Amino acid sequence: MNTALIILLVFGFFILMSSFFTVKQQSSVVIERFGKFLSVRNSGLQLKIPIVDRIAGRVNLKIQQLDVIIETKTKDNVFIKMKVSVQFKVIQEKVYDAFYKLEYPHDQITAYVFDVVRAEVPKLKLDDVFERKDDIAIAVKRELNEAMTTYGYDIINTLVTDIDPDIQVKNAMNRINAADREKTAAEFEAESSRIRIVAKAKAEAESKRLQGQGIADQRREIARGLVESVEVLNNVGINSQEASALIVVTQHYDTLQAIGADANSNLILLPNSPQAGSDMLNNMVASFTASNQVGEMMKKNNKKIVKPKPIEPQSGYEDDVQPETK
């Protein structure tokens, strides 16, 4: 008798314990009674009738992510693989629809993603796919929301996380990009060289202009100095020919002095003998004297030339007239 009582008490304890169950946070439990839907229980301690009620299933209310990899082609016939990440969750008020209307929700979402991507991507070229991936993600989200809301699912976000063209296409794109960058670099280098050449030419032109101006100013000052030197020498009784010769000889010796002062100079001025100065002075004085004499003679010869008088024309009638004789 005592053994039967103990067995009954133990069985009753297990029956009582099976009447209580807990539901975790961010999840729901579907309760069925004799195979028919009874209720949806949320988080916390819950009670059910043993043997009569049972837990049909648990529904996760957290945000879930499904990664879908799709292979499709673009408008320019390039095959690519795209990875679309779908973030979704079960609407708490529609746990019944999410549990009973869809057997495999992941497969359903994958099918819609395939349908939308393969409808949108073939309209775009490969470069446009990279630029407009956000538009593709928005189109996928819009299509999924319209379809999955009926089944109790809310699409939080869709992201195109990867676009992977064929390896040969990627290599070709890299070569095109590298060639374009090399072209741009060459253009910049050519422009830089042109700027340097133009700047150098301008600098040389300015240098030549300033050098020419300096030489002109130097020659102008030298001429002014020569004029003043000739005037000074004339004032002391030296004529202009002798003064010019003396100035030239002085410049000759100044040049020799400048050459001697430069230790690295390899210039040789000829003639450079001790008699060169006096010979140069005598030759120049004689040349100036001879030129003056030639000038005076030419002036005298011009004065001796007399222009002939013009012949007056005579009439032919007067030549024919003979004097009368008486």
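Everything numeric here is computed off the predicted structure, so don't read it as measured data. Per chain, residues are indexed from 1 in the order of the written sequence. Only residues with pLDDT of at least 70 get local features here, since the model is predicted, and only at 80 or more are side-chain atom pairs given and counted; chain-wide, interface and lining totals rely on the full set of residues. Excluding hydrogens and water, the side-chain values take into account all heavy atoms of the structure.

(A) Quick peek at the sheet that holds strand β3 (residues 36–41). What the three strands build is an open sheet, ordered β3-β2-β5; its pairing is antiparallel. Of all strands in the sheet, those bounded by a partner on one side alone are β3 and β5 (53–60). Going from strand to strand, the sheet's axes swing by 25° on average, the running direction of each strand aside. The criterion for strand pairing is that DSSP finds at least two bridges linking the strands in question. We count a stretch as a helix when DSSP gives it H or I for four or more residues in a row; a strand needs E for two or more, and each element gets its number in order from the N terminus. In the sheet, strand β2 (residues 27–33) pairs with β5 via seven bridges, with the strands oriented antiparallel. By the bridge assignment for β5, Ile31 is matched with Ile55. Axis geometry follows a simple rule: fit a line to the C-alpha atoms, using only the stretch in contact for helices, then measure angles between N-to-C directions, giving values from 0 to 180 degrees.

(B) Inspection of the sheet that holds strand β7 (residues 79–90) at higher detail. Within the open sheet, the three strands sit side by side as β6-β7-β8. Their pairing is antiparallel. At either end of the open sheet lies a strand with only one pairing partner, and these are β6 (64–73) and β8 (153–165). Looking at each pair of strands side by side, their axes are set apart by 20° on average, direction ignored. Alignment of β6 against β7, held across 10 bridges, turns out to be antiparallel. If you follow Leu66 over to β7, its bridge partner there is Val86. Contacts between helix α3 (residues 105–120) and the sheet are confined to β6, β7 and β8, with β6 contributing the most and set at about 35° to the helix. The contact rule is simple, with two residues in contact once any of their heavy atoms fall within 4.5 Å. Contacts between helix α5 (residues 133–148) and the sheet are confined to β7 and β8, with β8 contributing the most and set at about 145° to the helix.

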